[in-house]
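# Fold and geometry: a report
In case you want the letters, here they are:
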Amino acid sequence: SSGKVLQGPDVQNFETRLANISEMKSAIAVGSGTDALSIAMKALGLSNGGHVAVTSLSFVASASSIVNAGGVPIFLDIDHHYLSKTETVLDLLDKHPLEGIILVHLYGQMIDTEAICRKAKSKGVFVIEDAAQALGAKHKGKTPGTYSDAACYSFDPTKVVGAYGSGGGIVTNNEQIALRCQSLRYHGQSQ
Ligand SMILES: *Cc1c(COP(=O)(O)O)cnc(C)c1O
């Protein structure tokens, strides 16, 4: 009825609500959780063949989105909660030339991202949180995206909140990253 079938007021309303729920400044709606991860990596400047650390236990998209964005996944071992181990990630940051890290919060459980993000930032390595299974989750009162560059949600029908079809969202407190994601989701256009 508004005549807007793409990026219209309904999408804006959804983004405002997602930003509020996730306690982040900006939210960008995209086609899927997989798109959210790939677009976020491109927005953060992942280069062709760049190495990105990711967990070895997740839905396939945590790793395939890295390949979609032109990168190479470097797999991390997990702990007894099925999450990436903080020590393993910190250790890899010292030993391996990474461009980025994807921290995957599985089954609503969150990784403690603070120390990893601090060290990654000092080395110029980006951190994206794959929060496809963690909408509404908090660690020590903080939501996904608090310490990292961006967090990605999925609205696949099997997730915490399901769309009628596929859906995804990127949330961030960094305005530059938000603008780049907005542009990348629609062929370089901002409007
Ligand atoms: C579902 C899921 C994705 C991908 O989301 P889609 O919306 O299906 O593309 C990525 N990571 C994890 C951990 C997931 O569970």
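In this report, we go over the structure that sits alongside the text. Given the structure is predicted, the values throughout are model-derived calculations rather than measurements. (Residues numbered from 1 in each chain as written. Predicted model: local features only at pLDDT ≥ 70, side-chain atom pairs only at ≥ 80, totals over all residues. Heavy atoms only, no water.)

## Here's the deal with helix α3 (residues 61-68)
What counts is decided by this rule: With a 1.4 Å probe rolled over the protein chains alone, any residue whose accessible area is under 20% of its type maximum counts as buried; one over 50% counts as exposed, and the rest are partly exposed. Labels follow the DSSP assignment, with helices taken as runs of H or I lasting at least four residues and strands as runs of E lasting at least two, numbered in each case from the N terminus. Note on contacts: a residue pair is in contact if any heavy atoms of the two residues lie within 4.5 Å.
Every buried residue of α3 is listed here: Ala61, Ser62, Ala63, Ser65 and Ile66. Lining the buried residues of α3 we find α2 (33-43), β2 (51-55), β3 (72-76), β4 (100-104) and β5 (126-130). A positive backbone phi angle near 95 degrees is found at Gly70, which sits one or two residues after α3.

## Concerning the pattern of salt bridges
Where we set the bar: The salt bridge definition used is simple: a Lys or Arg side-chain nitrogen within 4 Å of an Asp or Glu carboxyl oxygen.
For the structure on display, the rule yields seven salt bridges. For Glu23, the salt bridge identified is with Lys138, shortest N-O distance 2.9 Å. Taken as a pair, Glu23 in the loop between α1 (9-22) and β1 (26-30) and Lys138 in the loop between β5 and β6 (150-154) lie far apart in primary sequence, 115 residues in all. According to the relative accessible area criterion, Glu23 is partly exposed, its value standing at 44%. Across the pair Lys140 and Asp112 runs a salt bridge whose closest N-O atoms are separated by 3.5 Å. Of this pair, Lys140 sits in the loop between β5 and β6 while Asp112 sits in the loop between β4 and α5 (114-122), and the two are 28 residues apart along the sequence. For Lys140, a relative accessible area of 68% gives the class exposed. Take Asp112: its relative accessible area is 30%, and that puts it in the partly exposed class.

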